[in-house]
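If you want the building blocks of each chain, they are given just below.
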Amino acid sequence: MAKRDYPEKELSALLSDFRATLKGYHEALSRLSEALAVMESNNDREAKVKEGKIALDVLYDLCEYLFKFEIAAENAAGFTKNDDEEKKAWGFIRAIKSHRESIESLQKTIKNYLKVLENPDLIQLAKEELKIEFEKFKSSIAKIEESESTFLTLIQEKYEKARLGRPL
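Owing to the predicted nature of the structure, the values given are computational and were not obtained by experimental measurement. (Residues numbered from 1 in each chain as written. Predicted model: local features only at pLDDT ≥ 70, side-chain atom pairs only at ≥ 80, totals over all residues. Heavy atoms only, no water.)

### Focus on helix α4 (residues 120-163)
Here α4 spans 62 Å end to end across 44 residues, near enough to the 64 Å set by a 1.5 Å rise per residue. The N-capping residue of α4, defined by a side-chain oxygen 3.0 Å from the backbone nitrogen of D121, is N119. Just downstream of α4, G165 is the residue with a positive phi angle, here 80°. (Helix = DSSP H or I, 4+ residues; strand = E, 2+ residues; numbered from the N terminus. Expected span 1.5 Å × (residues − 1). Polar contact = N/O pair within 3.5 Å; in protein donor to acceptor, adjacent residues only side chain to side chain.)

Listed below in structure tokens is the structure:
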């Protein structure tokens, strides 16, 4: 790996971008939870469709945030000096990919749910499927939050060392 001329500056930008992405990601998760809660509790078909479309839009936003996380993790991997640090960076990337799969699955389930709103015989089954898929999604959120915390700590430590002029 090539020596970086200004690691403090690069790490500062990486840390800042990561924190901004993290904030947007968590805001999107909140919007998704709200939309799904309205879909589940509301009996008005039009409200369910409206919130379902919002949920799908938010899931697309989440994919964008995951893409930004992945870029940050790949960039940070260039600052790793030992296997443990590199494992943390690549572990975060694996968590991102797994979380992306759960997003895709939830998207399919929401689309299916919206399709069956016209059929009262299937709506209860679709509602149960949505509930199960959302629980799986929440489980993947917990995994990525654990990985993001470890990754953020890694970046912060690297930045502090660079800021103080110590070898990374």
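The rest of the description comes next.
### Description of the pattern of salt bridges
Any two side chains of opposite charge can pair, on the condition that their charged atoms come close. All chains considered together, the criterion is met by 8 salt bridges. Here E70 ties to K97 by a salt bridge, and the two come within 3.3 Å at their closest N and O atoms. Of this pair, E70 sits in helix α2 (residues 45-77) while K97 sits in helix α3 (residues 83-115); the two residues are 27 residues apart in sequence, bridging distant segments of the chain. Taking the relative accessible area as the measure of exposure, E70 reaches 11% and is therefore buried. With its nearest N and O atoms 2.9 Å apart, the salt bridge here joins K158 to E85. Here E85 lies in helix α3 and K158 lies in helix α4, a separation of 73 residues in the sequence. You'll find K158 and E85 in the same group, each marked buried. (Salt bridge = Lys/Arg side-chain N within 4 Å of Asp/Glu carboxyl O. Buried < 20%, exposed > 50% of the residue type's maximum accessible area, 1.4 Å probe, protein only.)

All we've got here are geometric facts, nothing functional implied.
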